[in-house]
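# Observations on the model geometry
What follows is the residue order along each chain.
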Amino acid sequence: MSRGAKGRADAKRGKSADAEPRALPSAWRAILLCALLLLGGYTCWTAFKLMHMSGPPSSAPVLKDQADLVAARANAVLSLARGALRAGSERLAAAPERPLDAVESALVVAQTSASGGAVASGSQILAAKGDAAVGVWLKAAMAARAINRPSALIPIGSGLYVVSSPVGPKRLQLILAVDLDPAVSGASADHDIALVGAEGRILASEGPAKDSATLLAMFGLAPNTLRGLTGGDTDKGRNADGQPLRIAAAATSDEGVMAMAAEPAPLAGVTPSRRLADELFTLLAPLAAGLLLTLILVRQTRKTNEARLARADSERTFRLAVEAARCGIWEWRLDEDVMHMSDVTGAMLGWGGGGAARGADVIGRIASEHQERVRQALRGAAQFGGFDVSFRVEKAGGEASWIDARGQGFEPGPAGFGVIIGVALDVTDERNAEIRAQQAERRLADAIENVPEAFVLWDRHGRLLMCNGNFREFFSLEARLLKPGAPKQAVERAAELAIKRREPSTDPDDRGVEVELNDGRWLQISERRTAEGGWVMTAADITALKHQESALRQNEEALQDAVHRLEDSGAALAELAEKHQAASAVAESASRAKSEFLANMSHELRTPLNAINGFSEMMTREMFGPLGDRRYKEYAGDILSSGEHLLALINDILDMSKIEAGKMNMRPEPLDFADLAEEAMRLLRTRAEGAGLAMAINISPDLPEVEADFRALKQILLNLMSNAVKFTPRGGKVQLFAKVLAEDGGRVRIGVSDTGIGISDADLERLARPFEQIESQHSKTQQGTGLGLALTKSLVELHGGSLHIASKAGAGTTVSFTLPQAASTRARAASVA
């Protein structure tokens, strides 16, 4: 294939071919203008005659004028017929497969001069349109073998004149039936008017003698004699009664047709006024015809312009739609093995633009492993018409793109379809997305297989979708039983054999069950509905947790026994004190066991929660496709928000347990508090704006760096600001401030103030205690465990600071704490001093 220049040349040739039918209106207008010029000249000549008319009228000039007028009318009708024939022939040559369009184009140009039209091939009529008499002249034309004659104008019977023209290599012929009666209608009331064919046959007539026999007798002159009368002379004949007649003739634009006028030989009865009226009619008739032709020209021009604008708009809309959809158009001519393509298709295949290319060149640009597939698709399309194939195209620079090509056969023949026309779509992004989805699915399967819990997923019909190895190992199940599609009831029956006993979960928020296996291990089983209506089941090994619970229970029982023994015993005070001391030691041990239990339990609960949150987030984002009903997505979002809330609570409990157990490790470092404050404010800004609150930061410009643990300080700020947002009504304000305390050795005071509901003096004493909340369980309006301020206070104290709360009911709350400056800042200050 040539480069862009050849592609643009091919495109221009295609546009020129498309524009050929639009040249028809111009040719039609040219024909009408010529007819108007002829009528104008004739009108001027007639007016000149009227201006110089004198004396009594001569019968010869009047008779000759009548013949000339009929000849002019016949010329106008025949000119329109020739123009219509030329227009229809050009349309038929451009689109031989649409013969009816050619007939309709010819009839539009011919207007009222043609009563019907047809396209014939040999003796077969391919398409026809006209009035009820169209079949009559078609049969007459076929009987006279008019459709096989190369002549353009062929008379067929009285009043009909067939216009025929061979078109194209298939020798198609366009046939028009022209009605010549309007040429003689109303020409004269006193004269007999007729149009005579080359063989002496009368084609149309008007006058007192209406029947053809009388006219033939009146005009029974030889054709050579008639041609001799065209110079202005008259000849004599006789009518049926033997009376003498005067005859005048005029030639038309067709050598085979002549106009004749006849009247009785004596013309003494004709008055000058009658002659003047005839001359005026001769003048006004061409003017009326010219005005009619002008109106037709204007109307046809307007229609042509409107059609041209509509077609231009349609082509522009189609081009924009195709380009916006990144869709290319192509045409593969199988007989020539040449592919014509648009600019978009050429760009997809690696060329700079559209044009034509050999089939071998096109297939050469396709990846080698897909070339045979494309050849098979072409062979199938040539035989059956349908073409649908996907292939990869290797481009310069190592890039590759995927293309979907679809088409349909066109121009069927004996050997099959010769042309395939279709579109090409660039589906590279879709293919890449499919590959990424498959990779994500494999990663998800690997993650599920490697989680420490047992995992199994069922669809909404109770069929197995996937499970991991821990599920098979925990319940001693055979691999052949866990094939995808296995029924849920059968798998559960097999798993039930490995269960020794069941107990309800000790966690009131967990709706699962705890089971003891035959090998002594304990599992916590949780089963939840998926957004699609299926089930997901997880089983975590809680054997260690159960052992801790058993030990704690035994300790509690021992403590209760000791208390009962102390109450019932009448031993001495020393013995009672000794036992009390022992019991206190046991209680402290139980408290430590409780803290360790909470820490271990929080850790064990976070693992399944991470899986729940991760999978629910995947379902919320619909990573593997739509979930179906929109409520499934809402349910997955509710599961995610609930899981995140529960995970935050567990993190708080875990942090509190670490602090109480003395295992919280702090990593102080110099921090720029302004950056940390901006980050915390950004995290809560959306929540505050949703609550209708104003957020502000007020930090001293000379604030030094502080010495603190980054994570702990960020958690302190988020807890304080979250409480301020939670308990401040709409329209309020939350402010984060920081300043240097000159009277406290240069320590930095950081705090959060709000205009919220405030706290009464009686409730201030209970704040900052673990699990302590001011609102009761029956009247509380906000969620939480009461660990926020307690955790904040503990973290502040670990930094060597203290928490201060100042509040008044209805007037807002201010919570602040102090932190030391960074060591480097203090050193610089000391050196300056």
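This is a predicted model, so every value here is computed, not measured. (Residues numbered from 1 in each chain as written. Predicted model: local features only at pLDDT ≥ 70, side-chain atom pairs only at ≥ 80, totals over all residues. Heavy atoms only, no water.)

### Quick look at the overall build of the protein
- Tallying secondary structure elements over the protein gives 23 helices and 29 strands in all.
- Carbon and sulfur atoms provide 54% of the accessible area of the protein, an area that totals close to 44400 Å². (Helix = DSSP H or I, 4+ residues; strand = E, 2+ residues; numbered from the N terminus. Areas by Shrake-Rupley, 256 points an atom, 1.4 Å probe, with all protein chains shown as cover.)

### Description of the packing of aromatic side chains
- Within this structure, the stated rule accounts for two aromatic pairs.
- Taking the centre distance of 5.4 Å and the plane angle of 75° together, the rings of Trp330 and Phe387 count as edge-to-face. With Trp330 in strand β11 (residues 327-333) and Phe387 in strand β14 (residues 386-394), this residue pair connects regions lying 57 residues apart in the sequence. Like Phe387, Trp330 is buried.
- Taking the ring centre of Trp351 as reference, the NZ or CZ of Arg365 above it sits at 4.1 Å. (Phe/Tyr/Trp six-rings, centres within 6.5 Å; stacked < 30°, edge-to-face > 60°. Buried < 20%, exposed > 50% of the residue type's maximum accessible area, 1.4 Å probe, protein only. Lys NZ or Arg CZ within 6 Å of the ring centre and 35° of its normal.)

### Some remarks on the packing of helix α19 (residues 673-690) against helix α20 (residues 710-726)
- Where α19 meets α20, the axes come as close as 10 Å, and the angle between the chain directions of the two elements is 35°. Crossing hand, α19 versus α20: right-handed. Between α19, through Phe673, Leu676, Glu679, Ala680, Met681, Leu683, Leu684, Arg687 and Ala688, and α20, the contact on the second element is made entirely by Phe710, Leu713, Lys714, Leu717, Leu718, Met721, Ser722, Val725 and Lys726.
- Considering only residue class, the contact of α19 with α20 consists of 13 nonpolar, one polar and four charged. (Axes fitted to C-alpha atoms, helices over the stretch in contact; angles between N-to-C directions. Left-handed = near helix turned anticlockwise from the far one by under 90°. Contact = heavy atoms within 4.5 Å. Nonpolar A, V, L, I, M, F, W, Y, C, P; charged D, E, K, R; others polar.)

### Section: the nonpolar core
- Counting 37 residues, the largest nonpolar core has Phe673, Leu713, Leu717, Met721, Leu736, Ile750 and Phe817 as the members making the most contacts within it.
- When contributions to this core are tallied by element, the ones reaching two or more residues are α19, β25 (706-708), α20, β26 (733-741), β27 (747-754), α22 (788-798) and β29 (812-819).
- Top contributing element to this core by residue count: α20, with eight residues.
- Each residue touching Leu713, except ones within four places of it in the same chain, is listed here: Leu671, Phe673, Leu676, Val706, Ala708, Phe817 and Leu819. (Core = buried A, V, L, I, M, F, W, Y, C linked by side-chain atoms within 4.5 Å.)

### Remarks on the sheet that holds strand β20 (residues 513-517)
- As summarised here, the arrangement of the six strands in space is β18-β17-β22-β21-β20-β19, forming an open sheet in which the pairing is antiparallel. What marks the edges here is a single partner per strand, and that holds for β18 (464-467) and β19 (499-504). Between one strand axis and the next, the sheet turns through 20° on average, direction left out of account.
- In the sheet, β20 pairs with strand β21 (residues 522-529) via four bridges, with the strands oriented antiparallel. Paired with Glu514 across the two strands is Gln524, which belongs to β21.
- Across the face of the sheet, helix α15 (residues 488-496) comes into contact with β17 (454-458), β19, β21 and β22 (535-541) while running at roughly 105° to β19. (Pairing = 2+ DSSP bridges.)

### Regarding the pairing of β18
- Pairing of β17 with β18, which is carried by three bridges, proceeds in the antiparallel orientation. By the bridge assignment, Val456 is partnered in β18 with Cys467.
- Hairpin connection, β17 to β18: the antiparallel pair is bridged by five residues, and Gly462 has positive phi, about 75°.

### With respect to the side chain of Thr792
- Summarising the element assignment, Thr792 is placed in helix α22.
- For Thr792, the side chain forms a polar contact with the side chain of Asn719, separated by 3.3 Å.
- Residues within four places of Thr792 in sequence aside, it is in contact with Ile716, Asn719, Leu720 and Leu803. (Polar contact = N/O pair within 3.5 Å; in protein donor to acceptor, adjacent residues only side chain to side chain.)

### Quick notes on the pattern of salt bridges
- Under the definition given, this model contains 23 salt bridges.
- Where Arg375 meets Glu372, a salt bridge forms, and the shortest distance between an N and an O atom there is 3.7 Å. A residue pair is termed a helical-turn pair when its members lie 3 or 4 positions apart in one helix, as Arg375 and Glu372 do in helix α12 (residues 368-384) at three residues.
- Among the residues examined, Arg375 registers a relative accessible area of 33% and is labelled partly exposed.
- Residues Lys488 and Glu527 are paired through a salt bridge, measuring 3.4 Å at the closest nitrogen-oxygen approach. Placement of Lys488 in helix α15 and of Glu527 in strand β21 is noted, with a sequence separation of 39 residues between them. (Salt bridge = Lys/Arg side-chain N within 4 Å of Asp/Glu carboxyl O.)

### Let's talk about the sheet that holds strand β28 (residues 803-808)
- The strand order across the open sheet built from five strands is β24-β26-β27-β29-β28, with neighbouring strands paired in mixed fashion. This sheet does not close on itself; its edge strands, each paired only once, are β24 (694-699) and β28. Within this sheet the neighbouring strands show an average axis-to-axis angle of 15°, counted without direction.
- Sheet topology places β24 next to β26; six bridges connect them, and they run parallel. When the sheet's bridge partners are listed, Met695 is paired in β26 with Val734.
- Against the sheet, α19 contacts β24, β26 and β27, and its axis sits at roughly 175° relative to β24.

### What about helix α13 (residues 428-450)?
- The end-to-end C-alpha separation of α13 is 33 Å, in line with the 33 Å expected for 23 residues at 1.5 Å each.
- Within the span of α13, buried status applies to Thr428, Ala440, Leu444 and Ile448. (Expected span 1.5 Å × (residues − 1).)

### Quick notes on the environment of Glu478
- Relative to the helices and strands, Glu478 resides in the loop between α14 (469-474) and α15.
- Between the alpha carbons of Glu478 and Ala494 there is a distance of 9.2 Å; along the sequence they are 16 residues apart.
- A distance of 2.6 Å separates a polar atom in the side chain of Glu478 from a polar atom in the side chain of Arg480.

### Here's the deal with the pairing of β22
- Counting buried residues along β22, five of its seven residues qualify, which places the element largely inside the surrounding structure.
- Where β21 and β22 come together, seven bridges link them in antiparallel fashion. Across the sheet, Arg529 pairs through a bridge with Trp535, a residue of β22.

### As for a negative patch on the surface
- A cluster of acidic residues, Asp672, Asp675, Glu678 and Glu705, forms a negative patch on the protein surface.
- Take Asp672: its relative accessible area is 41%, and that puts it in the partly exposed class. (Patch = residues over 30% accessible without salt bridge, like charges linked within 9 Å, V, L, I, M, F, W, Y side chains within 5 Å. Lys, Arg positive; Asp, Glu negative; His and termini not counted. Charge placed at Lys NZ, Arg CZ, Asp CG, Glu CD.)

### Considering unusual backbone geometry
- The phi angle at Asp337 is positive, at roughly 55°, despite the residue not being glycine.
- On the secondary structure map, Asp337 appears in the loop between β11 and β12 (338-341).
- Given the relative accessible area of 36%, Asp337 is considered partly exposed.
- With a phi close to 55°, Ser476 is a non-glycine residue in the positive phi region.
- You can see Ser476 is positioned in the loop between α14 and α15.
- On the basis of relative accessible area, Ser476 is assigned to the exposed category, the value being 60%.

### Some remarks on the environment of Arg621
- Mapped onto the secondary structure, Arg621 falls in helix α17 (residues 573-621).
- Between the alpha carbons of Arg621 and Lys633 there is a distance of 8.3 Å; along the sequence they are 12 residues apart.

### A few points about the environment of Leu646
- Looking at the secondary structure, you find Leu646 in helix α18 (residues 630-661).
- Assessed through its relative accessible area of 33%, Leu646 is described here as partly exposed.

### Notes on the confidence of the model for the protein
- When pLDDT is averaged along the protein, the result is 75, and 69% of the positions lie at 70 or above.
- Here residues 54-58 is modelled with pLDDT under 50, and outside its nearest four sequence neighbours on either side it reaches six contacts, counting other chains as well.
- Segment residues 210-218: pLDDT under 50, and 15 contacts once partners within four positions in sequence are set aside and those in other chains are kept. (pLDDT = per-residue confidence, 0-100.)

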